[in-house]
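Secondary and tertiary structure notes
Residues per chain are reported as follows:
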Amino acid sequence: MDTDRGGMPVLTLLQAYLATTPLPASGRLPPERGLAEALGVSRAELRKALAALEAEGQLWRHVGKGTFLGARPLAAITGVAELARATTAPEVLRARLVLEPQLAGLAARHATPAQLAAMQDAIEASRRPGLSWRAYEGQDARLHREIAAAAGNAPLLHLFDELAAIRRVLTWDRARTRPDGPPADHPSFAEHDAIVGAIVSNDTEQATSAMHDHIAAVHRLIP
């Protein structure tokens with residue numbers, strides 16, 4: 001799985017985890033197995049996200065001892081945490097409604113066959129029986145980023161990534177009415193199908209509308 005398909009959504013989840021989870025004074029992260037389970041991702045996907053932060057100098061690894069937050073301030077993670085503390089759920093909703101429908105419309109114009117296939121793959125992965133909420137959220141994040149990347153606009157993609165990280169921080173610990181994972185009739189499944197179907201059909205207007213309706217519906221379900 002390449003970075004676009006899995007790395008950034010997992011990186012978003014990892015940033016949210018680091019922004020909301022107390023770590024020991026040493027800055028040591030949990031072992032990979034436990035951290036992957038907490039995020040609902042595979043260890044291979046987690047390693048890509050850890051490598052991305054290590055490349056930025058935000059953490060370091062000691063063979064045989066573990067992975068640690070770097071000595072320098074975690075500018076990206078700290079910035080996300082601070083902005084999330086100053087942000088309300090309605091503000092996130094308004095920001096998403098400004099940005100993501102437009103990205104879906106652009107994706108309907110510019111998505112490549114490989115990007116369309118990646119969207120379908122994320123949809124299928126999100127429907128695996130027995131999927132936990134955390135794992136579902138990972139696939140949901142992956143799908144939304146595939147759509148954002150397919151828009152073909154690097155500055156807008158950067159804004160999407162920042163907003164996605166803030167949203168994950170705000171929703172990381174929210175209660176679930178069904179703790180074991182999404183039900184088979186979870187409404188987002190059909191909404192995702194409608195969005196991707198419109199993108200596949202190169203229907204800019206419908207893709208924009210379907211994404212708008214989906215985001216509005218999701219935020220109505222958030223306490």
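Located above this text is the structure these notes cover.
Now for a look at the structure at hand. In this text, all values refer to a predicted model and were calculated from it rather than measured experimentally.

Here we come to the overall build of the protein. Along the protein, the regular secondary structure elements total ten helices and two strands. Each helix and strand of the protein, ordered N terminal to C terminal, gives the series α-α-α-β-β-α-α-α-α-α-α-α. The long-range share in the protein, meaning contacts at least 24 apart out of those at least 6 apart in sequence, stands at 73%.

We now examine empty space enclosed by the protein. Inspection of the entire model under this criterion finds one cavity of 30 Å³ or more. There is about 60 Å³ of room inside the largest cavity. As for the largest cavity, its lining consists of eleven residues, of which Thr12, Ala141, Arg145, Phe160 and Ala164 are closest to the centre. Counting residues per element, the ones that place at least two in the lining of the largest cavity are helix H1 (3-20), helix H7 (133-150) and helix H8 (154-171). Looking at which element gives the most residues to the lining of the largest cavity, the answer is H8, with five residues.

Once that is clear, we can look at H8. The end-to-end C-alpha separation of H8 is 26 Å, in line with the 26 Å expected for 18 residues at 1.5 Å each. Among all positions in H8, only Leu157, Phe160, Asp161, Leu163, Ala164, Ala165, Ile166, Arg167, Arg168, Val169 and Thr171 are buried. One side-chain oxygen of the residue at the start of H8 lies 3.0 Å from the amide nitrogen of leucine 156, identifying that residue as asparagine 153.

This paragraph deals with the side chain of arginine 142. Residue placement: arginine 142 occurs in helix H7. According to the relative accessible area criterion, arginine 142 is buried, its value standing at 3%. Side chain to side chain, arginine 142 and aspartate 121 meet in a polar contact 2.4 Å long.

All right, on to the nonpolar core then. Counting 33 residues, the largest nonpolar core has Leu14, Leu35, Leu39, Leu46 and Phe160 as the members making the most contacts within it. Taken together, the elements giving at least two residues each to this core come down to H1, helix H2 (32-39), helix H3 (43-55), helix H4 (75-85), helix H5 (89-110), H7 and H8. Built from parts of two domains, this core gets at least three residues from each of domain 1 (10-76) and domain 2 (80-221). The residues touching leucine 39, leaving out its near neighbours within four places in the chain, are Leu13, Leu14, Tyr17, Leu46, Arg134 and Trp172. Core analysis: the second largest hydrophobic core is formed by 19 residues, Ala107, Ile123, Ala198 and Ala210 among them.

Scoring rules and cut-offs
Position numbers for residues count from 1 along each chain, tracking the sequence in the order it is written. Totals for whole chains, interfaces and linings use all residues, but because this is a predicted model, local features are given only for residues with pLDDT of at least 70 and pairs of side-chain atoms are given and counted only at 80 or more. Neither water nor hydrogens contribute to the side-chain values; these are computed over all heavy atoms in the structure. Segments assigned H or I by DSSP are reported as helices when at least four residues long, segments assigned E as strands when at least two residues long, and all are numbered from the N terminus. In what follows, residue pairs with any heavy atoms lying within 4.5 Å of each other are defined as contacts. A 1.4 Å probe that fits into a set of points on a 1 Å grid over the protein atoms alone but cannot get out defines a cavity; an open set with protein on both sides within 12 Å along at least five of seven lines defines a pocket, and lining residues are those with an atom within 4 Å of a point. Grid points are joined across faces, edges and corners, and a volume is the space filled by probe spheres set on the points. Expected span of a helix, by definition, is 1.5 Å for each gap between consecutive residues, and there is one gap fewer than residues. Under the scheme applied here, a residue whose accessible area is under 20% of the maximum for its type counts as buried, over 50% as exposed, and between as partly exposed, the area being computed with a 1.4 Å probe on protein chains only. Each polar contact in these results corresponds to two N or O atoms within 3.5 Å; when the atoms are within protein, one needs to be able to donate a hydrogen and the other to accept it, and residues that are neighboring in sequence are counted only if both atoms are side-chain atoms. Definition of nonpolar core: a set of buried residues of the types Ala, Val, Leu, Ile, Met, Phe, Trp, Tyr and Cys, connected through side-chain atoms within 4.5 Å. The start and end points of each domain follow an automatic or database-based domain assignment.

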